[in-house]
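If you want the building blocks of each chain, they are given just below.
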Amino acid sequence: MERAWYTFFHVIAAWCWNLLEPYLTRNLLNRGVARPTRKQVLEEFGRVWPALTATIGVQEPFAGTIRFKWLVRLPSAEMADFLDAPDEWIGGRYGGGKFKMNLHHGLHFVNTKNFKPTGDPRWLAVPALELD
């Protein structure tokens, strides 16, 4: 079991696991697994991971209120650097601001987390992501 955990933590950061685990457990409960074991939750992670996406947006002023300008949608295969250091990853590409990351599994909303890297708002020059 040690090796499985070692491999697992090279795939997903602990902060993201904390956002994802309740969704995985809920999936298992909805399929009739009354008390999911650690192994079952990890197997569910393996099933869900390929279809997981992270969409990152920034809060921008709009007509006296705010809205989110969506900047990027990362498939799970491209999340590693973001998961390892999210503030640095966001700040390095988009500068400072108030950012939101939404996790989705296919069309299902999983969870959200906010980030606030410092720096100049380079995201102003980035075109908004066209969402379907």
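Residues numbered from 1 in each chain as written. Predicted model: local features only at pLDDT ≥ 70, side-chain atom pairs only at ≥ 80, totals over all residues. Heavy atoms only, no water.

**Q** Would you mind showing me how to read the side chain of Glu 60 here?
**A** Within the secondary structure layout, Glu 60 lies in strand β1 (residues 52-62). On the accessibility criterion, Glu 60 (14% relative accessible area) is buried. Discounting residues that sit within four places of it in the chain, Glu 60 has contacts with Thr 65, Ile 66, Arg 67, Lys 69 and Trp 123. (Helix = DSSP H or I, 4+ residues; strand = E, 2+ residues; numbered from the N terminus. Buried < 20%, exposed > 50% of the residue type's maximum accessible area, 1.4 Å probe, protein only. Contact = heavy atoms within 4.5 Å.)

**Q** Hey, could you run me through the sheet that holds strand β4 (residues 108-115) in this one?
**A** Hydrogen bonds between backbone atoms are what pair the strands of a sheet, whose relative direction is either parallel or antiparallel. Read across the sheet, four strands follow the order β2-β1-β3-β4 without closing on themselves; strand pairing throughout is antiparallel. Across the chains shown, the open sheet's two edge strands, defined by having one partner strand only, are β2 (65-75) and β4. Across the sheet, the mean angle separating the axes of adjacent strands is 25° when strand polarity is ignored. Sheet topology places β1 next to strand β3 (residues 99-105); seven bridges connect them, and they run antiparallel. Across the sheet, Gly 57 pairs through a bridge with Lys 100, a residue of β3. Strands in contact with helix α5 (residues 86-94) are β1, β2, β3 and β4; relative to β2, the strand with the most contacts, it is inclined by about 105°. (Pairing = 2+ DSSP bridges. Axes fitted to C-alpha atoms, helices over the stretch in contact; angles between N-to-C directions.)

**Q** For this particular structure, what's the right way to read the confidence of the model for the protein chain?
**A** Overall, the predicted model of the protein chain reaches an average pLDDT of 91, with 91% of residues at or above 70. Confidence drops under pLDDT 50 across residues 1-9; counting only partners more than four residues distant or on other chains, this segment forms six contacts. (pLDDT = per-residue confidence, 0-100.)

**Q** Would you explain helix α2 (residues 14-30) in this entry?
**A** Since there are 3.6 residues in each turn of an α-helix, residues three or four apart along the chain are aligned in direction. Compared with the 24 Å implied by 1.5 Å per residue over 17 residues, the 24 Å span of α2 between its first and last C-alpha is a close match. At Leu 20, α2 shows its maximal kink, close to 35°; a proline, Pro 22, follows between one and four residues later. Two residues or fewer past α2, Gly 32 is found with a positive phi of approximately 90°. (Expected span 1.5 Å × (residues − 1). Bend = angle between axes of the 7 residues up to and from the residue.)

**Q** Explanation requested: helix α3 (residues 38-48) in the structure shown.
**A** Turning to α3, its buried residues number three or more, namely Val 41, Leu 42, Glu 44, Phe 45 and Val 48. When α3 is viewed along its axis, its buried side chains cluster within an angular range of 155° and face the same direction. (Arc of directions from axis to C-beta.)

**Q** Is there a simple way to think about the nonpolar core in this case?
**A** As a rule of thumb, nonpolar side chains are buried together in soluble globular proteins. Membership of the largest hydrophobic core comes to 33 residues, with the highest contact counts inside it found for Ile 56, Phe 82 and Phe 99. Taken together, the elements giving at least two residues each to this core come down to α2, α3, β1, β2, α4 (80-84), α5, β3 and β4. When residues of this core are assigned to their parent elements, the largest contribution, seven residues, is made by α2. Not counting residues up to four positions away in its chain, the partners in contact with Ile 56 are Lys 69, Trp 70, Leu 71, Val 72, Leu 74, Phe 82, Trp 89, Ile 90, Phe 99, Lys 100 and Met 101. (Core = buried A, V, L, I, M, F, W, Y, C linked by side-chain atoms within 4.5 Å.)

**Q** What exactly am I supposed to notice about the pattern of salt bridges here?
**A** Pairs can form between side chains of opposite charge once their charged atoms are near each other. For the structure shown, the criterion picks out four salt bridges. Here Glu 43 ties to Lys 39 by a salt bridge, and the two come within 3.8 Å at their closest N and O atoms. Remark: Lys 39 and Glu 43 occur in helix α3; sequence separation between them is four residues, near one turn of the helix. With relative accessibility at 46%, the residue Glu 43 sits in the partly exposed group. Residue Lys 39 is classed as exposed on the basis of its relative accessible area, which comes to 53%. One salt bridge in this structure joins Glu 44 and Arg 47, with 2.7 Å as the shortest N-O distance. In this pair, Glu 44 and Arg 47 are both assigned in helix α3, three residues apart and thus about one turn of the helix distant. (Salt bridge = Lys/Arg side-chain N within 4 Å of Asp/Glu carboxyl O.)

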